[in-house]
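# Coordinate inspection notes
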Amino acid sequence: MRVDVVSIFGEYLAPLSLSLIGKARAQGLLDVRVHDLREHTHDRHRTVDDTPYGGGAGLLMKPEPWGEALDAVLADPPGDAGGDGPVLLVPSPVGEVFTQAVAVELAAEPWLVFACGRYEGIDARVAEHYRSRGVRVREVSLGDYVLNGGEVAVLVVVEAVARLLPGVVGNAASLAEESHAAEHDGLLEHPAYTKPASWRGLEVPAVLSSGDHGAVARWRREQALRRTARRRPDLLARLDPARCSAADRAVLAEEGYVPDAHGFGPAPSPVAD
Ligand code: JET
């Protein structure tokens, strides 16, 4: 997979040389190229920002350096780009939420281009222009908070995507088994324990040493359901009641959730108010 990143702070992308991502690059599974937006300015101050039309606080990124920088990146496709060209990803607080499902989609692409905004963001015509040229532009948000720029979001997206590429993570089973995989019904993963059996007065739950694989599976499912109900009730709304056993329903009822039109929602209050 080829990844191009355009940024005014390329040093921020240095972690892409470390750990599994760095190894994937060294093995030729991932080709990451970082480009300096300021190389595409032409004034003595290498200006990339300007004041917003309509007023307001802060500065925006000017469209011209972005147009030049992205044109230069697009003019140098990887050999295996296919016919569709890259996906242009723009980290943004107003983007679609970046989820594991998005990571899976992106992992199937041969070429990703990232545009890192700074200040109050990039002139909106940049995304509009590349869309009108047929580029698949996706503004992506990591969540409901604001970063100083897109660079840290690029680190997150590249890590989430690259670890799905064949050969990057050793054990394919460990990929399929983790939280948010479809195999887990969209539930959070159960808690996990390793040796020693007793640590600082805390014991590993006895069922995990029982050798009863059915009991272990039931305990893990119950823990996953309780944890999801307490921490991420929004995920329960997407749980298919048809895939829930009577035992599952009993656990969720204890946590205050009952089947509704979509998945599971809060049990109706017993008292009308
Ligand atoms: C972010 C990502 O803050 C986030 O992304 C970086 C950022 C900061 C400020 C402006 C900005 O503009 C992007 C843009 O897109 C067209 O203009 C991007 C928060 N959650 N996920």
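Residues numbered from 1 in each chain as written. Predicted model: local features only at pLDDT ≥ 70, side-chain atom pairs only at ≥ 80, totals over all residues. Heavy atoms only, no water.

Our next topic: helix α7 (residues 213-231). Side chains that are three or four residues apart share a direction in an α-helix, a result of its 3.6 residues per turn. Taking 1.5 Å per residue as the helical rise, α7 with its 19 residues ought to reach 27 Å, and the 27 Å between its terminal C-alpha atoms agrees with that figure. Along α7, the positions that sit buried rather than exposed are Ala 215, Val 216, Trp 219, Ala 224, Leu 225, Arg 226, Thr 228 and Ala 229. Turning to α7, the residues buried within the fold contact α8 (233-236), α9 (246-254) and β10 (257-259). One side-chain oxygen at the N-terminal end of α7 lies 3.2 Å from the backbone nitrogen of Gly 214; it belongs to Asp 212. (Helix = DSSP H or I, 4+ residues; strand = E, 2+ residues; numbered from the N terminus. Expected span 1.5 Å × (residues − 1). Buried < 20%, exposed > 50% of the residue type's maximum accessible area, 1.4 Å probe, protein only. Contact = heavy atoms within 4.5 Å. Polar contact = N/O pair within 3.5 Å; in protein donor to acceptor, adjacent residues only side chain to side chain.)

Taken as a whole and judged by the stated rule, the model has one aromatic pair. For the ring pair Phe 9 and Tyr 12, a centre distance of 6.4 Å and an interplane angle of 65° mean the geometry is edge-to-face. Overall, the relative accessible area of 30% leaves Phe 9 in the partly exposed class. The class for Tyr 12 is partly exposed, based on a relative accessible area of 39%. (Phe/Tyr/Trp six-rings, centres within 6.5 Å; stacked < 30°, edge-to-face > 60°.)

Near the ligand, the surroundings consist of 17 residues, among which Gly 121, Ile 122, Leu 142, Tyr 145 and Leu 147 are the closest. Backbone polar atom of Ile 122 to an oxygen atom of the ligand: 2.7 Å apart, as the coordinates give it. At a separation of 3.4 Å, a nitrogen atom of the ligand approaches a polar backbone atom of Gly 143. Taken by itself the ligand offers 500 Å² of open surface, and the protein chains cover 93% of this. Those elements giving two or more residues to the shell around the ligand turn out to be β5 (87-97) and β7 (136-141). At four residues, β5 tops the list of elements feeding residues into the shell around the ligand. Counted by class, the shell around the ligand contains nine nonpolar, six polar and two charged residues. (Near = heavy atom within 4 Å. Areas by Shrake-Rupley, 256 points an atom, 1.4 Å probe, with all protein chains shown as cover. Nonpolar A, V, L, I, M, F, W, Y, C, P; charged D, E, K, R; others polar.)

In this section: the sheet that holds strand β1 (residues 2-7). In any sheet, the strands associate via hydrogen bonds between backbone groups, in a parallel or an antiparallel arrangement. The strand order β2-β1-β6-β5-β7 describes an open sheet built from five strands, whose pairing is parallel. Unpaired on one side and paired on the other, β2 (31-36) and β7 mark the two borders of the sheet. Neighbour to neighbour, the strand axes of the sheet diverge by 30° on average, direction disregarded. Across seven bridges, the pairing between β5 and β7 is parallel. Note on β7: the bridge partner recorded for Leu 88 is Val 137. Lying on the sheet, helix α3 (residues 100-107) is in contact with β5, β6 (111-115) and β7; it crosses β5 at an angle near 170°. (Pairing = 2+ DSSP bridges. Axes fitted to C-alpha atoms, helices over the stretch in contact; angles between N-to-C directions.)

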